[in-house]
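Fold and contact review
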Amino acid sequence: MKQRLLLRLAASAVLLLLIPALRLPAQAASSAKQAAPALTPAVQVMILGVFHFANPNADYAKFEGIDVLTPVRQSEIETTVAQLARFAPTKIALERVPAEADSINADYRRYRAGTFALSRSEIHQLGFRLAARLHHTQLYPVDFQRGMRIDSVMAYAQVHDTTFVTRFNSTVADVVQLLDRMQREATIDANLRFMNDPKNILRAHQPYADMATVGAGDTYIGARVVTDWYGRNLGIFANLARIAQPGDRVLLIIGMGHTPILRELVRSHPGMLLVDPLDYLQ
């Protein structure tokens, strides 16, 4: 009897000793929870790849273009602007260099005052219209200019890699034919859905990967020129990140060719969340 009593007392003592220890993890978790800093709201970024509405033919590929100032196209643009407005961007970024910010925003203020006629440019047709609809006070040019000497790649390839020349020119011709037909026959929002489809974004990037191989083992001319293309897009991304504040919803309107690299950079940034324009262009 005495032995059983001693065993019970010993067991009770062990239990009393264990109770504080069992509580420690919960107490530690509670303290850690109280000490944890608040999470910084992610910057939501939508990269909207577009064709150049004013068709300056400044790119290697030359398009016929369409007149976006016709009544039908203007109606289509209004529809697209209404679709993008559902994203409710807090900032709208443009494919123009930051040094042009003052002149762009001076034109924007005149547009809001009713004394500026919009040109064919997507900067005006999409950017100005959407900013005014959302009562923004300014827009943000974020382009970064860096030359890309495709002609130097082609000149080298004409001598050393004629297979690439044939393949590249055929790819460009097919793309031009397809996009010219799309622009003629489809609505503005249908064109933008096509250009922002992940499959087509990948296809837009493939010629650059192909070009990078030209001159490998010799001059590396292709890799050096594609490096300039990446450098330009890295500069654009840096400018985009510079204007973004925690909790912002940023819309970047930019030529489709830039979207593959920029989308990947946004995905990789710990403080950014990529928003798919296809969720709104419908």
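Residues numbered from 1 in each chain as written. Predicted model: local features only at pLDDT ≥ 70, side-chain atom pairs only at ≥ 80, totals over all residues. Heavy atoms only, no water.

1. Some thoughts on the pairing of strand β2 (residues 91-94)
Residues of β2 alternate between two faces, with Lys91 and Ala93 on one and Ile92 and Leu94 on the opposite face, all of them buried. For β2 and strand β3 (residues 140-141), the ladder comprises 2 bridges, and the chain directions are parallel. If you follow Ala93 over to β3, its bridge partner there is Tyr140. (Buried < 20%, exposed > 50% of the residue type's maximum accessible area, 1.4 Å probe, protein only. Helix = DSSP H or I, 4+ residues; strand = E, 2+ residues; numbered from the N terminus. Pairing = 2+ DSSP bridges.)

2. Considering the side chain of Asn239
Locating Asn239 in the fold gives a position in helix α9 (residues 221-243). A relative accessible area of 13% means that Asn239 is categorised as buried. Of note is the side chain of Asn239, whose polar atom sits 3.1 Å from the backbone oxygen of Val142. A distance of 3.2 Å separates the side chain of Asn239 from the backbone oxygen of Asp143, its partner in a polar contact. Discounting chain neighbours no more than four positions away, the residues touching Asn239 are Pro98, Val142, Asp143 and Phe144. (Polar contact = N/O pair within 3.5 Å; in protein donor to acceptor, adjacent residues only side chain to side chain. Contact = heavy atoms within 4.5 Å.)

3. Digging into the side chain of Asp143
With respect to the helices, strands and loops of the structure, Asp143 is situated in the loop between β3 and α5 (150-160). A polar side-chain atom of Asp143 sits 2.7 Å from a polar atom in the side chain of Gln145. Once residues lying within four places of it in the same chain are set aside, the contact partners of Asp143 are Leu94, Glu95, Arg96, Val97, Pro98, Arg232, Ile236 and Asn239.

4. What about the sheet that holds strand β5 (residues 272-275)?
Spatial ordering of the open sheet is given by β3-β2-β4-β1-β5, a layout of 5 strands whose pairing is parallel. The two strands at the open ends of the sheet, each matched to only one other strand, are β3 and β5. When β2 meets strand β4 (residues 249-255), the two strands line up parallel, connected through 4 bridges. Residue pairing across strands places Lys91 opposite Val250, the latter belonging to β4. Each of β1 (43-50), β4 and β5 touches helix α10 (residues 259-268); the most contacted strand, β1, lies at about 170 degrees to it. (Axes fitted to C-alpha atoms, helices over the stretch in contact; angles between N-to-C directions.)

5. A look at the nonpolar core
In this structure, Ile47, Phe164, Met211, Leu240, Leu252 and Leu262 are the most contacted members of the largest nonpolar core, which totals 36 residues. Mapped onto this core, the elements with two or more residues apiece are β1, α5, α6 (162-185), α8 (198-211), α9, β4 and α10. Considering each element in turn, this core owes the most residues, 8 residues, to α9. Dropping the residues within four chain positions of it, Met211 is found in contact with Met148, Ile150, Val153, Phe164, Phe168, Gly222, Ala223, Val225 and Val226. (Core = buried A, V, L, I, M, F, W, Y, C linked by side-chain atoms within 4.5 Å.)

6. Re the confidence of the model for the protein
When pLDDT drops low, the exact placement of atoms in the prediction is not to be read closely. Here the protein averages 87 in pLDDT, and 83% of its residues register 70 or above. Under a pLDDT of 50 for its full length, residues 1-38 has, in the predicted model, 0 contacts with residues more than four places off or in other chains. (pLDDT = per-residue confidence, 0-100.)

7. A few points about unusual backbone geometry
Notably, His135 is not glycine yet its phi reads approximately 60 degrees, a positive angle. Judged by relative accessible area, which is 62%, His135 ranks as exposed. In the Ramachandran plot, Tyr220 falls in the positive-phi region, its phi being about 55 degrees despite a non-glycine side chain. You can see Tyr220 is positioned in the loop between α8 and α9.

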